[in-house]
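Observations on the model geometry
Below, each chain spelled out in residue letters.
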Amino acid sequence: MGRRTDRPTGRLFWKFFLSILLAQVAAAVGIGSVFWLREQARLSNTITLIETGPPAGFMLDSAAIALKYGGVPALREIVSQKGRHSVYAVFSDGRELLGREVTPSMREQARRELATERPYRPVRQLKAPDGQQLLLFVPRMYRNAAGDTLTAAQVAGPGPGAEGPPAGMDAPGPGEARAGGMPGPNGPGGPDDRSGFGRGDGPRGPFGPFSPMGRPIPMLAAIIVSLFFAALLAWYFSRPIRALRSAFEAASAGDLSPRFTDGDRLGGDELNDLGRDFDRMSGQLRALMDGQRRLLHDVSHELRSPLARLQAAIGLAHQQPDKIATSLERIERESVRMDKLVGELLALSRLEANPDLPKSDAIDMQELVDGISQDARFEAGDDGPAIEVDIDGELVANVRGAPDLLWRAVENVVRNAVKHGGAGGQVDIRLYARGRQVYVDVLDRGPGILDADLPTVFEPFFRSNPSKNNVDGHGLGLAIAQRVVHAHGGTIEARNREGGGLQVAITLPLAP
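Residues numbered from 1 in each chain as written. Predicted model: local features only at pLDDT ≥ 70, side-chain atom pairs only at ≥ 80, totals over all residues. Heavy atoms only, no water.

Here we take up the overall build of the protein. The helix and strand inventory of the protein stands at 10 helices and 13 strands. For the protein, the proportion of its 512 residues judged to be buried stands at 38%. If you take every contact in the protein between residues at least 6 apart in sequence, the share linking residues at least 24 apart comes to 64%. As displayed, the protein offers around 29,800 Å² of accessible surface, 56% of which is attributable to carbon and sulfur atoms. (Helix = DSSP H or I, 4+ residues; strand = E, 2+ residues; numbered from the N terminus. Buried < 20%, exposed > 50% of the residue type's maximum accessible area, 1.4 Å probe, protein only. Contact = heavy atoms within 4.5 Å. Areas by Shrake-Rupley, 256 points an atom, 1.4 Å probe, with all protein chains shown as cover.)

Here the focus is the sheet that holds strand β2 (residues 123-127). The antiparallel open sheet is built from three strands, whose spatial order is β1-β3-β2. Across the chains shown, the open sheet's two edge strands, defined by having one partner strand only, are β1 (88-91) and β2. Strand-to-strand twist in this sheet, taken as the mean axis angle between neighbours without regard to direction, amounts to 25 degrees. Sheet analysis places β2 next to strand β3 (residues 133-137), joined by five bridges and oriented antiparallel. Looking at β3, one finds that Leu126 is bridged to Leu134. Here helix α2 (residues 54-79) sits on the sheet and contacts β1, β2 and β3; the angle it forms with β2, its principal contact strand, is near 20 degrees. Contacting β1, β2 and β3, helix α3 (residues 104-114) crosses the sheet at an angle of about 90 degrees to β3. (Pairing = 2+ DSSP bridges. Axes fitted to C-alpha atoms, helices over the stretch in contact; angles between N-to-C directions.)

To continue, consider the packing of helix α9 (residues 403-421) against helix α10 (residues 477-487). Between α9 and α10, whose axes approach to 8 Å, the crossing angle comes to 140 degrees. At the point where α9 passes α10, the crossing takes the left-handed sense. Contacts from Leu405, Leu406, Arg408, Ala409, Asn412, Val413 and Asn416 of α9 reach α10 at Gly477, Leu478, Ile480, Ala481 and Val484. Of the residues assigned to the contact of α9 with α10, the class counts are eight nonpolar, three polar and one charged. (Left-handed = near helix turned anticlockwise from the far one by under 90°. Nonpolar A, V, L, I, M, F, W, Y, C, P; charged D, E, K, R; others polar.)

What follows is about the pattern of salt bridges. Side-chain pairing between opposite charges can occur once the charged atoms of the two side chains come close. Enumeration according to the criterion identifies 12 salt bridges in this entry. As a salt-bridge pair, Arg124 and Asp61 come within 2.5 Å of each other at their nearest N and O atoms. In this pair, Arg124 sits in strand β2 while Asp61 sits in helix α2, placing the two residues 63 residues apart along the sequence. Given the relative accessible area of 5%, Arg124 is considered buried. What makes Asp61 partly exposed here is its relative accessible area of 33%. (Salt bridge = Lys/Arg side-chain N within 4 Å of Asp/Glu carboxyl O.)

Here Thr507 is to be found in strand β13 (residues 502-509). Residue class for Thr507 comes out buried when judged on its relative accessible area of 15%. The contacts of Thr507, once residues within four sequence positions are left out, are Gln437, Val438, Tyr439, Val485, Gly490 and Thr491.

The next thing to look at is the sheet that holds β13. Here we have five strands laid out as an open sheet, ordered β8-β10-β11-β13-β12, and mixed in their pairing. Both outer strands of the open sheet, β8 (386-391) and β12 (491-496), are each paired with one neighbouring strand and no more. Averaged over all neighbouring strand pairs, the angle between strand axes comes to 15 degrees, with direction disregarded. In this structure, β8 lies alongside strand β10 (residues 426-434), joined through six bridges in parallel fashion. Among the inter-strand pairings, Glu388 is bridged to a residue of β10, identified as Asp428. Against the sheet, α9 makes contact with β8, β10, β11 (437-444), β12 and β13, and its axis sits at roughly 20 degrees relative to β11, the strand it touches most. Sheet contacts for α10: β12 and β13; angle to β12, the most-contacted strand, approximately 135 degrees.

We now examine the pairing of β12. Pairing between β12 and β13: six bridges, direction antiparallel. Bridge pairing links Thr491 to Thr507 in β13. If you look at the hairpin formed by β12 and β13, you'll find five residues sitting between the two strands, and Gly499 has a positive phi there, around 90 degrees.

Glancing now at the packing of aromatic side chains. This structure, assessed with the given rule, holds three aromatic pairs. When the centroid spacing of 4.7 Å and the interplanar angle of 70 degrees are considered together, the rings of Phe248 and Phe278 count as edge-to-face. You can see Phe248 sitting in helix α5 (residues 216-252) and its partner Phe278 sitting in helix α6 (residues 270-319), a full 30 residues away along the chain. Here Phe248 falls in the partly exposed class, since its relative accessible area comes to 45%. Look at Phe278 and you get buried, because its relative accessible area is 6%. Ring plane angle 15 degrees and centroid distance 5.2 Å describe the contact between Tyr432 and Tyr439, whose orientation is recorded as stacked. Given a relative accessible area of 22%, Tyr432 falls into the partly exposed group. We classify Tyr439 as partly exposed; its relative accessible area is 22%. Positioned above the aromatic ring of Phe91 is the side chain of Arg95, whose terminal nitrogen or guanidinium carbon lies 4.6 Å from the ring centre. (Phe/Tyr/Trp six-rings, centres within 6.5 Å; stacked < 30°, edge-to-face > 60°. Lys NZ or Arg CZ within 6 Å of the ring centre and 35° of its normal.)

Pairing between β10 and β11: eight bridges, direction antiparallel. Within β11, the residue paired with Ala433 across the bridge is Val438. Counting the residues between successive antiparallel strands, the hairpin from β10 to β11 contains two residues, one of them, Gly435, with a positive phi of roughly 65 degrees.

Below is the structure:
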């Protein structure tokens, strides 16, 4: 079966890539929107009442010089001049030098600005020659609906939370001057204002807040970073899945060799576990396929010999009609042998196809062992080995399962001991219980099995020393016994005995 080549590649990569990219963009937009809305709310609810640009600092420098050398009268002359900007001088008792109204919020904001570190100082705390303390600042102006410019004290609502322009009051529009000549955003003090009023101390230059290039650059950088990480994560997640896909395609073509045992192709996470599970699955499939091929070979080999003898007997009957009785006897014997082989193969196939057997019947193990031992003695005859049964005291051992199959499993083990180990003169069957388990041990004094063959003694068609062993059989008895015992939740194992011989130990759970 060839590999499919008509499927487009990279679909999973693009799904991961677009999903991660959309998630990153959505998160960035959401977070940015939250901060933007908070900033807009802050700007709409909190309007600065004091100018904080460098020109305000320059005006306060002039006022400070006048106060230092001319005292309060000189300062009064400076602040009373009519011009674009106006300096307020507030005494410690809250009075303004010229009697202009100053709100508590304006004084509070001026004191907060006084504690702010700036290269220039838009608010000054000065001491007059006569010892009076003066707070100097430049207020921000607003425009009403009639076009008149008013100070913040004239338009501010009650309390510190109402510092924005009230209804009917607007800040100076774009390109217009604020009250007292204070510049607007696009006029003096705006982005094109060379005086610097209204610009604060924000960054300047080609990437500053007023530059057309200032906003796209961070957005473009965020998009590039998102693309990079989305591509990286998509590649990281799709690479092991592509490796698994190629492994499945190779398996469909018949290549079941392990591919992820080292774990380097899939990383060290759950995908690595998935790769190991795939290798384990492919290993089991490879073992099943090898077993099927071996079984087919063994069955063919086992059927070939009796079929050859049947053909020889039929040919002899045709050539020598006077010996037809002998030929028929040979044909009958080979037919029985083939029927037995087919029956054992069917039993083995059913056990492998359906290992979950009905276990509703109660089986008395003492009665089962006694019945099997009597049949074995009868088949062995007087010339066969002695069969001894050793039951541990007044044992009551019941097992839940299928009586016919369990009888056949134990009988196969006993017959195997009689056939292959009968030369020792005795076969022992021991029955005893320990805890919630019942044990059936079958022991003989035959030649035993090579230690290297013990792990495969329960494989179908296994024979130990086939060249030296002339005992009739197909090597299916112990394989059937193992499947039956496992289907009943038990275990079976074979080991060589000290002094020669073989011991087959069966362990079954007792019925509750």
